[in-house]
Amino acid sequence: MFPASSLAATVLLALAAAASPVVQVRAPGVSLPFARRLNISGSSIAEMDRARAGQLLSNGKKVAGNHAKRTASFGVTNTAVTYTASVGVGSPATDYTLLIDTGSSNTWIGADKTYAKTSTSTSTGDSVSVSYGSGSFSGTEYTDTVTLANGLVIKKQSIGVASTSTGFSGVDGILGIGPVALTQGTVNGETTVPTVTDNLLSQGTISSEVIGVYYAPTTSDSDANGELTFGGTDTGKTTGDITYAPITSTSPASEYWGIDQTITYGSGKKSVLASTAGIVDTGTTLLLIASDAFSTYKSLTGATEDSTTGLLTISSAQYDKLESLFFSIGGTTFELTKNAQTWPRSLNSAIGGSSGTIYLVVSDIGTDSGQGLDFINGYAFLERFYSVYDTSAKRVGFATTSHTSDTSN
């Protein structure tokens, strides 16, 4: 279960879509709610994810190339499904609604609610600026007390305080929990800035810099369907051992939570994507694969592309013949069932789709394989497997859950 040490305080952030979710407290950790948001207005779900993928690819190359100002795209304007948490800043704390993402690392506020300075607020005088593709913010770096939950308090955490921001609506900013390298070039005069998980470890609140993420498939935008664990893993959510894969050495995937994997289709193990590098990203909705691999998958399934949603569609007869995808990661094979490859039909209207149509969640990343970031295992994949982000050991882990083979979609 959780680390035994008193330093291994673990926060569980339950994912819920209610406007004011109820905080659940369970020993030995503390539960902090997420709110699930569907944000797909103006573009198709596939276009949003591809836009994000393009910016992640561009940003990763810049970081690896040492180190122009980062331009990664995140959340809000080009991600269909996002999760938020109420995070306290200052003492006494003011609560801010922040988007949570493993693919970005800066924490900042001020997009909506104005920053309320308290006795713990200190300006460093350094400017901070991050572009997120179709959104951005710029402002000043402060250090302040950040409260994720009772007993999970970070002192002198670097935060950006926005003087201007674009592309954010209904949220106050971002809580970034990606690798610290993604903060390079974002704060003037600083090489990198410690993330919230860096400081939780250095201040002795957690004993290991590990984040566990659990989702369950949902057929409603109001389902409470997951939790985020700082400082350890919750084996009560897994049904098998956690398999770990090292962070890939292939750039630019290596700048993120990047791994190597292969993908095959069906009992005949037909190759879809040969061993290559990509990333695991909670901020991406779909399962994105390289364009050449996508063409292969499309051919194998007989699917056609829907112009409204940008997703592949199949008939009921084709669904009956649809076979599983198999992901080889770290020496273990993980099966993504045919049901897991489909968008929940009860949520078709949320993506502009037609009632009863079968949409697939595998989509085109927008570039052929060989780019160094040839897949993104997004939410559609992660809701079927428990995932672990281990900064200390530079690895990503996966395990099956009781929902891996659900047929709820």
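What counts as what
Residues numbered from 1 in each chain as written. Predicted model: local features only at pLDDT ≥ 70, side-chain atom pairs only at ≥ 80, totals over all residues. Heavy atoms only, no water. Salt bridge = Lys/Arg side-chain N within 4 Å of Asp/Glu carboxyl O. Buried < 20%, exposed > 50% of the residue type's maximum accessible area, 1.4 Å probe, protein only. Helix = DSSP H or I, 4+ residues; strand = E, 2+ residues; numbered from the N terminus. Pairing = 2+ DSSP bridges. Core = buried A, V, L, I, M, F, W, Y, C linked by side-chain atoms within 4.5 Å. Contact = heavy atoms within 4.5 Å. Arc of directions from axis to C-beta. Expected span 1.5 Å × (residues − 1). Phe/Tyr/Trp six-rings, centres within 6.5 Å; stacked < 30°, edge-to-face > 60°. Lys NZ or Arg CZ within 6 Å of the ring centre and 35° of its normal.

Quick look at the pattern of salt bridges
Enumeration over the complete set of coordinates arrives at 2 salt bridges. Ionic pairing is found between K237 and D234, a salt bridge with its closest N-O pair at 3.5 Å. Between D390 and R395 there is a salt bridge; the shortest N-O distance is 3.0 Å. Judged by its relative accessible area of 6%, D390 is buried. The exposure class assigned to R395 is partly exposed, which follows from its relative accessible area of 28%.

Examining unusual backbone geometry
Omega for the bond connecting S91 with P92 falls within 30 degrees of zero, at 0 degrees, which places this linkage in the cis form. Locating P92 in the fold gives a position in the loop between β5 (81-89) and β6 (94-101). Looking along the chain, the bond that leaves S251 and enters P252 is cis, with omega of 10 degrees. Inspection of the secondary structure assignment puts P252 in the loop between β14 (243-246) and β15 (258-265). Despite not being glycine, K156 has its phi angle at roughly 55 degrees, a positive value. Tracing the backbone shows K156 in strand β10 (residues 152-166). The residue K269 is not glycine, and still its phi comes out positive at about 50 degrees. Position of K269 among the secondary structure elements: in the loop between β15 and β16 (270-280).

So, the sheet that holds strand β22 (residues 358-359)
The antiparallel open sheet is built from 3 strands, whose spatial order is β18-β19-β22. On the outer flanks of this sheet lie β18 (304-305) and β22, each paired with one strand and no other. Strand direction decides the pairing type here: β18 and strand β19 (residues 312-314), joined by 2 bridges, are antiparallel. Note on β19: the bridge partner recorded for T304 is T313.

Focus on the pairing of β15
With 6 of 8 residues buried, β15 lies mostly within the body of the structure. The pairing of β15 with β16 spans 7 bridges and is antiparallel. Counterpart to I259 in the pairing with β16 is G278. Linking two consecutive strands that pair antiparallel, namely β15 and β16, is a turn of 4 residues; a positive phi of about 75 degrees is found at G266 within it. In this structure, β15 lies alongside strand β20 (residues 325-329), joined through 4 bridges in antiparallel fashion. Along β20, the bridge assignment pairs T262 with S328.

Notes on the nonpolar core
Judged by nonpolar contacts, the single largest core of 62 residues is most densely connected at L148, I289, Y297, L325, F327 and F398. Apart from the residues within four sequence positions on either side, F327 is in contact with Q261, T262, I263, L287, T332, T333, F334, L336, N377 and F381. One finds I279, L286, L347 and L373 within the second-largest nonpolar core, a separate group that totals 22 residues.

Notes on the pairing of β10
Of the pairings in the sheet, the one linking strand β7 (residues 108-109) to β10 comprises 2 bridges and is parallel in character. In the strand pairing of β10, W108 is matched with G160. With 12 bridges joining them, strand β9 (residues 136-149) and β10 adopt antiparallel strand pairing. In the sheet register, T143 faces β10, and the bridge partner there is S158. Linkage of β9 to β10, two consecutive antiparallel strands, is achieved through a turn of 2 residues, within which G151 is found at a positive phi near 85 degrees.

Let's talk about helix α3 (residues 291-301)
All of the buried residues along α3 are S291, A293, F294, Y297 and T301. One side of α3 carries all its buried residues, which in axial view fall inside an arc of 155 degrees. With its phi angle positive at about 75 degrees, G302 sits one or two positions after the end of α3.

Comments concerning helix α1 (residues 45-64)
Relative to the 28 Å expected for 20 residues at 1.5 Å per residue, α1 spans 29 Å between its end C-alpha atoms, a close match to the ideal helical length. Residues I45, A46, M48, D49, R52, A53, L56, L57, N59, G60 and V63 constitute the buried set of α1. In this fold, the buried residues of α1 make contact with β6, β16, β17 (287-289), β23 (362-364) and β24 (375-377).

What to know about the environment of A149
Looking at where A149 falls in the secondary structure, it is placed in strand β9. On the accessibility criterion, A149 (8% relative accessible area) is buried. The sequence separation of A149 and S86 amounts to 63 residues, and the corresponding C-alpha distance is 9.1 Å.

Here we look at the packing of aromatic side chains
Under the definition given, this model contains 11 aromatic pairs. Aromatic pair Y215 and Y379: ring centres 4.9 Å apart, planes at 70 degrees, arrangement edge-to-face. On the criterion of sequence distance, the pair formed by Y215 in strand β12 (residues 210-215) and Y379 in helix α5 (residues 379-382) is long-range, its members being 164 residues apart. Ring centres of F381 and F398 lie 5.8 Å apart, and the angle between their planes is 85 degrees; this geometry places the pair in the edge-to-face category. With F381 in helix α5 and F398 in strand β26 (residues 395-400), this pair connects stretches of sequence that are 17 residues apart. One aromatic cluster in this structure is built from F327, F334, F381, F385 and F398. For R345, the ring lying beneath its charged end belongs to Y319, and the centroid distance is 5.6 Å.

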